[in-house]
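Topology and contacts: notes
So the chains spell out like this:
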Amino acid sequence: MRAASAVALAISGLFLSVPAQAQNKDVSKPVVLTGATLIDGLGGKPVADSILVIEDGRISAVGDAKSVKAPAGAEVIDLKGKTIMPGMISDHSHIGIVRGLKVSPDNYNRDYILSQLRQWEAYGVTTITSLGLNAPEFYDLRAELHAGNVPGADIFGADRGIGVAMGAPPVAIVPVGPSQIYHPDTPEAAREAVREMAGRKTDLIKIWLDDFGKLLPVKVKPEVYTAAVDEAHNNKLRVAFHINDLEDAQAALKAGADILAHGIRDKEIDPPTIDLMKTGAAWYVPTLALDDSNFIFADKPQVTADPFVNRGLDPAVKTQLEDPAWQQKVHDAPGSERARKALAMNQKNLMTLYRAGINIGFGSDSGVGLRFPGVAEHRELDLMVEAGLTPLEALTIATSGAAKLLKVEDRGVLQAGKLADLVVLDADPSVDIANAHKISAVWHRGRPVAGSIATFARR
């Protein structure tokens, strides 16, 4: 989130010092990180006293001190007592939607989006997926970030996406411009929308199938979303569905959905739905933080004061969250109680699906509402563990699992040949997920993101 006026936000406590020679180094010169406990992202037991070698922005070797030797002439950085994990990957975020307390199509601009991406990166989220509502500027940004030409989290995306006029996505929540959403009303119009997005080389297709608890008068018609899925698959593109209800999830899966981009929150998931997911090898992104964000800042005002959270807040948002009258109003609102129940159901369904062997992705729907870039992803980790996953299981989903959903093979794990996207922590998050907040440094494509102070400008 960003304020309208120019404000500099310094995250002075979020990162500890990275040696100056590493901050300014030539990426072609090897750097060796030694002594840390290493979480590789694949779910195995953390490796004590590890060695990780970075060359040309990638990991060239990694393992324990007995199996890996530092190359001659390398810079050696001692990280004894710290833990290294892969940079996190979000499968469901949005860019350029909310700026401070203002939601407007004007927020979709290069400078603001880059500032958001720097915030995600600063919180250890080194890749995000902007899952729909993207304006044409997305593609130039994606190319620059894929090439590593500008700082910030790398981005993938789902172009505009397909909704329905007078329905989802609701203009009251996301009043985007006409170049950010399609509203096809016939199967052929849906196919044409998909062909246009395919022509722009979108990574995914997004469809909204939801009436927000019957608050919206219409949903995308079955013949429209079925045609869109068929055309997407004809163009070798996968389709993510925004859903809330079990019935809509079933309809999406029967139409060929590849990804359920939100958790099922109205009912317990049933065996037939699990069978549909298994048959289609569908992915499930629970976005637990979505409902949680609707009440957590009112139910637990102390969250706002947490320095880890506070540093990611726009000043206008911070003022609102700290207002006792706002807190009381939100705490007592019927919508907050519905959100509490939805979160509990979502957490229960997550565990049912995880135990059934369904592919679980990672995302928080960050960048919309009170889901702040980077902060929301860490909250998602907390809520996954609260649901019943072990910290290591949650971290694996947020790294290698999220990479598998995106079908990107160059990140999400700490292995030789992969991008050197990693987070250095002061304590081991596999022991306590809260330790994931104790960020000492973030490395992206083999470079430390910051020195002793990470900053990102608010414009």
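The model shown is predicted, which means the values in this text are computed figures rather than measured ones.

Side note on the overall build of the chain
Each helix and strand counted, the chain has 16 helices and 21 strands in total. Computed over the C-alpha atoms, the radius of gyration of the chain is 21 Å, within 12% of the 23 Å expected from 2.2 N^0.38 for a compact globule of 459 residues. Taken along its principal axes, the extent of the C-alpha atoms in the chain is 65 × 50 × 40 Å. Going through the 459 residues of the chain one by one, you find that 59% of them count as buried. For the chain, contacts bridging at least 24 residues in sequence account for 73% of all contacts bridging at least 6.

A word on the sheet that holds strand S20 (residues 447–448)
Strands sit in the order S3-S7-S18-S19-S20 across an open sheet of five strands; the sheet is mixed. One side of each edge strand has no neighbouring strand; the edge strands of this open sheet are strand S3 (37–38) and S20. Relative to strand S18 (residues 422–425), strand S7 (residues 83–86) runs antiparallel, the two being bridged by four bridges. Bridge pairing links Pro86 to Leu422 in S18.

Section: the nonpolar core
Formed by 109 residues in total, the largest nonpolar core has its most connected members in Leu117, Ile207, Phe241, Leu260, Met277 and Leu381. Ala36, Ile54, Ile84 and Ala441 belong to the second largest nonpolar core, which has 16 residues in total.

What to know about helix H4 (residues 187–199)
Think of an α-helix as turning once every 3.6 residues; residues three or four places apart then point the same way. Spanning 13 residues, H4 covers 18 Å between terminal C-alpha atoms, matching the ideal 18 Å at 1.5 Å per step. Taken together, the buried positions of H4 are occupied by Ala190, Ala193, Val194, Met197 and Ala198. The buried residues of H4 occupy one face: seen down the axis, they fall within an arc of 135 degrees. Buried positions along H4 lie against helix H3 (137–146), strand S13 (205–208) and helix H5 (222–234). Directly beyond the C-terminal end of H4, a positive phi value near 65 degrees is found at Lys201.

Side note on the pattern of salt bridges
Tallying each qualifying case throughout the model produces 21 salt bridges. One salt bridge connects Asp426 with Lys82, and the closest N-O pair in it is separated by 2.7 Å. Placement of the pair is Asp426 in the loop between S18 and strand S19 (439–444) and Lys82 in the loop between strand S6 (75–78) and S7, with a sequence separation of 344 residues. The salt bridge partner of Lys348 is Glu268, with a shortest N-O separation of 2.9 Å. Of this pair, Lys348 sits in helix H14 (residues 334–355) while Glu268 sits in the loop between strand S15 (259–260) and helix H7 (271–280), placing them 80 residues apart in sequence. Here the salt bridges do not stand alone but share partners, grouping Glu188, Arg191, Glu192, Arg195, Asp230 and Glu231 into one network.

What to know about the UniProt feature "domain: Amidohydrolase-related" (unreviewed entry) in the chain
UniProt records the feature "domain: Amidohydrolase-related" (unreviewed entry) for residues 83–447 in the present numbering. Annotation note: span residues 83–447, helix share 42%, strand share 13%, distance between end C-alpha atoms 17 Å.

Quick notes on the environment of Gly87
Summarising the element assignment, Gly87 is placed in the loop between S7 and strand S8 (88–93). Since its relative accessible area comes to 3%, Gly87 is described here as buried. Distance in space between the C-alpha atoms of Gly87 and Arg191 is 36 Å, their sequence separation being 104 residues. In this structure, Gly87 is in contact with Gly124, Thr126, Thr399, Asp421, Leu422 and Val423, ignoring residues within four places of it in sequence.

Considerations on the packing of helix H15 (residues 375–387) against helix H16 (residues 391–406)
Put simply, H15 and H16 touch, their axes get as near as 9 Å, and they point 135 degrees apart. The orientation of H15 with respect to H16, classified from their angle, is oblique. The handedness of the crossing between H15 and H16 is right-handed. Contacts between H15 and H16 pair Leu381, Met384 and Val385 from the former with Pro391, Ala394, Leu395, Ile397 and Ala398 from the latter.

Things to note about the packing of aromatic side chains
Applying the stated rule across the entire model yields four aromatic pairs. Here Tyr123 and Phe308 contribute two aromatic rings whose centre-to-centre distance is 5.0 Å and whose plane-to-plane angle is 85 degrees, an arrangement assigned as edge-to-face. Of this pair, Tyr123 sits in the loop between helix H2 (110–122) and strand S11 (125–130) while Phe308 sits in helix H11 (residues 307–310), placing them 185 residues apart in sequence. Given the relative accessible area of 0%, Tyr123 is considered buried.

Each value, and the rule that gives it
- Residues numbered from 1 in each chain as written.
- Predicted model: local features only at pLDDT ≥ 70, side-chain atom pairs only at ≥ 80, totals over all residues.
- Heavy atoms only, no water.
- Helix = DSSP H or I, 4+ residues; strand = E, 2+ residues; numbered from the N terminus.
- Rg over C-alpha atoms; globule rule 2.2 N^0.38 Å.
- Buried < 20%, exposed > 50% of the residue type's maximum accessible area, 1.4 Å probe, protein only.
- Contact = heavy atoms within 4.5 Å.
- Pairing = 2+ DSSP bridges.
- Core = buried A, V, L, I, M, F, W, Y, C linked by side-chain atoms within 4.5 Å.
- Expected span 1.5 Å × (residues − 1).
- Arc of directions from axis to C-beta.
- Salt bridge = Lys/Arg side-chain N within 4 Å of Asp/Glu carboxyl O.
- UniProt positions renumbered as here; feature names shortened; annotations may be inferred.
- Axes fitted to C-alpha atoms, helices over the stretch in contact; angles between N-to-C directions.
- Parallel < 35°, antiparallel > 145°, perpendicular 65-115°, else oblique.
- Left-handed = near helix turned anticlockwise from the far one by under 90°.
- Phe/Tyr/Trp six-rings, centres within 6.5 Å; stacked < 30°, edge-to-face > 60°.

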